[in-house]
Structure formats: C-alpha cells, structure tokens
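These are the residues of each chain, in order.
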Amino acid sequence: MLQPKKTKFRKAFKGRIHGKAKGGTMLNFGEYGLKAIEPERITARQIEAARRAIVRHMKRAGRIWIRVFPDVPVSKKPAEVRMGSGKGAPEFWAARVKPGRIIFEIDGVDAATAKEAMRLGARKLPIACRFIARVGH
C-alpha cells in the first residue's frame, strides 16, 4: 500500500477540501483516465482496491499510472475513550482529492476495456468519477 517513507510531522490537521484542482487535471501519461468530480479524502486502501480492480479487468495488459498519493496521516482515538487527553495515533494514510483531479490513467488497451476497467475501479472509491479519453478517441 502507498504511504510516505518519512514525514516532517507525525500528525496533521484535518483541513477542508474546497475549490477545484489546481494541477493534475489533464491526461499526461495514458490514453484514458478517471477524473474526480467531487472533493473527498481517498485512503491508501481505497486506491489499492481500485488499482487491483482495474488491473484485473485489463488482464495485466497495458499500463496503469496512479496520479494521487496518500500523504496525509489520519489519526483516530480508540473506541470508548473519554474526550480530551490529546489527539489519537495515526490510523491510516489518505490523499486529499479535489474536483477535476485525475486519479488513474491507463494505456495499451482498447476504449471499451478501458471504460469498463475504470468503471470497476470507480466503484471502489468513495467519490463520483468520470471516465475521460484523449481528444480524438
């Protein structure tokens, strides 16, 4: 699963995801992509589950690029613990995804296979996504 090798700080603020994506909105590597439509945090597990679904449908043909990286540690306090006494320990890693951001790109497969693979991958993510292709396809 994806996570940073080392970070400057162990815990991070929650932060709000507002506005459109500033970068990563165009296809740079593959012919087809999966674009986020709504803002949300996507966990490393969700990214991995979507990647596996896409790769399985493509039957290991073609190539896949993951354009988001989970770099935000999300902390959580244990169950049934009273309020106070600090922030919980880091539980998992997440990526903040803004609308317009490309999450996955694929290449080396036909349009129908790509569309179905991306549909299966999008089912694993907690946000609405749109299938996109390069102009001329």
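This text goes with the structure placed above it.
Computed from a predicted structure; not experimentally measured. (Residues numbered from 1 in each chain as written. Predicted model: local features only at pLDDT ≥ 70, side-chain atom pairs only at ≥ 80, totals over all residues. Heavy atoms only, no water.)

1. Points about the sheet that holds strand S7 (residues 129–133)
How we decide: Strand pairing is assigned whenever DSSP detects at least two bridges linking the two strands. Where helices and strands are cited, they refer to DSSP runs of H or I of at least four residues and of E of at least two residues respectively, numbered from the N terminus. Helix axes use the C-alpha atoms of the stretch in contact, all axes being lines fitted to C-alpha atoms, and the angles between their N-to-C directions lie in the range 0 to 180 degrees. Should any heavy atoms of two residues lie within 4.5 Å, those residues are considered in contact.
Reading across from one edge, S3-S6-S1-S7 is the order of the 4 strands in this open sheet, with antiparallel pairing throughout. Each edge of the sheet is formed by a strand with only one pairing partner; in this case those strands are strand S3 (63–66) and S7. Adjacent strand axes in the sheet meet at a mean angle of 20°, parallel and antiparallel pairs treated alike. Across the sheet, helix H2 (residues 111–123) touches strand S1 (32–36), strand S6 (102–107) and S7, and the angle it forms with S1 is around 30°.

2. Describing the packing of aromatic side chains
Condition: Two rings from Phe, Tyr or Trp (for Trp, the six-membered ring) form a pair when their centres are within 6.5 Å of each other. A pair whose planes differ by under 30 degrees is stacked, one over 60 is edge-to-face, and the rest are tilted. Burial status follows relative accessibility: with a 1.4 Å probe on protein chains alone, a residue under 20% of its type maximum counts as buried, one over 50% as exposed, and anything between as partly exposed.
With the rule as written, the count across this model stands at 2 aromatic pairs. Consider the rings of Phe29 and Trp65, whose centres lie 5.7 Å apart with planes at 20°: the pair is stacked. With Phe29 in the segment before S1 and Trp65 in strand S3, this residue pair connects regions lying 36 residues apart in the sequence. Ring plane angle 20° and centroid distance 5.7 Å describe the contact between Tyr32 and Phe131, whose orientation is recorded as stacked. Of the two residues, Tyr32 is situated in strand S1 and Phe131 in strand S7; the sequence distance between them amounts to 99 residues. A relative accessible area of 25% places Phe131 in the partly exposed class.

3. Thoughts on unusual backbone geometry
Phi at Arg60 takes a positive value of approximately 60°, unusual for a residue other than glycine. Tracing the backbone through its elements, the reader meets Arg60 in the loop between helix H1 (44–57) and S3. The exposure class of Arg60 is exposed, given its relative accessible area of 77%. With phi around 55°, Glu80 is a residue other than glycine that occupies positive phi space. Given the relative accessible area of 85%, Glu80 is considered exposed.

4. Re a nonpolar patch on the surface
The criterion, for reference: What goes into a patch is any residue over 30% in relative accessible area without a salt bridge, connected to like charges within 9 Å or, for nonpolar side chains (Val, Leu, Ile, Met, Phe, Trp, Tyr), within 5 Å. To be clear on the numbers: accessible area is Shrake-Rupley with a 1.4 Å probe, and residue cover counts the displayed protein chains and nothing else. When a carboxyl oxygen of Asp or Glu is within 4 Å of a side-chain nitrogen of Lys or Arg, the pair counts as a salt bridge.
A contiguous nonpolar patch, built from Leu2, Ile66 and Phe69 and spanning about 220 Å² of accessible area, is present on the exposed surface. By the element assignment, Leu2 lies in the segment before S1. The class for Leu2 is partly exposed, based on a relative accessible area of 30%.

5. Structural notes on the pattern of salt bridges
Tallied over the entire structure, the rule returns 5 salt bridges. For Arg51, the salt bridge is made with Glu48, and the minimal N-O distance between the two is 2.8 Å. Linking Arg51 with Glu48, this pair stays in helix H1, spanning 3 residues, or about one helical turn. Look at Arg51 and you get partly exposed, because its relative accessible area is 24%. Residue Glu105 is joined to Arg67 by a salt bridge in which the shortest nitrogen-to-oxygen separation is 2.2 Å. Of this pair, Glu105 sits in strand S6 while Arg67 sits in the loop between S3 and strand S4 (72–76), and the two are 38 residues apart along the sequence. As far as the burial class goes, Glu105 and Arg67 line up, both buried.

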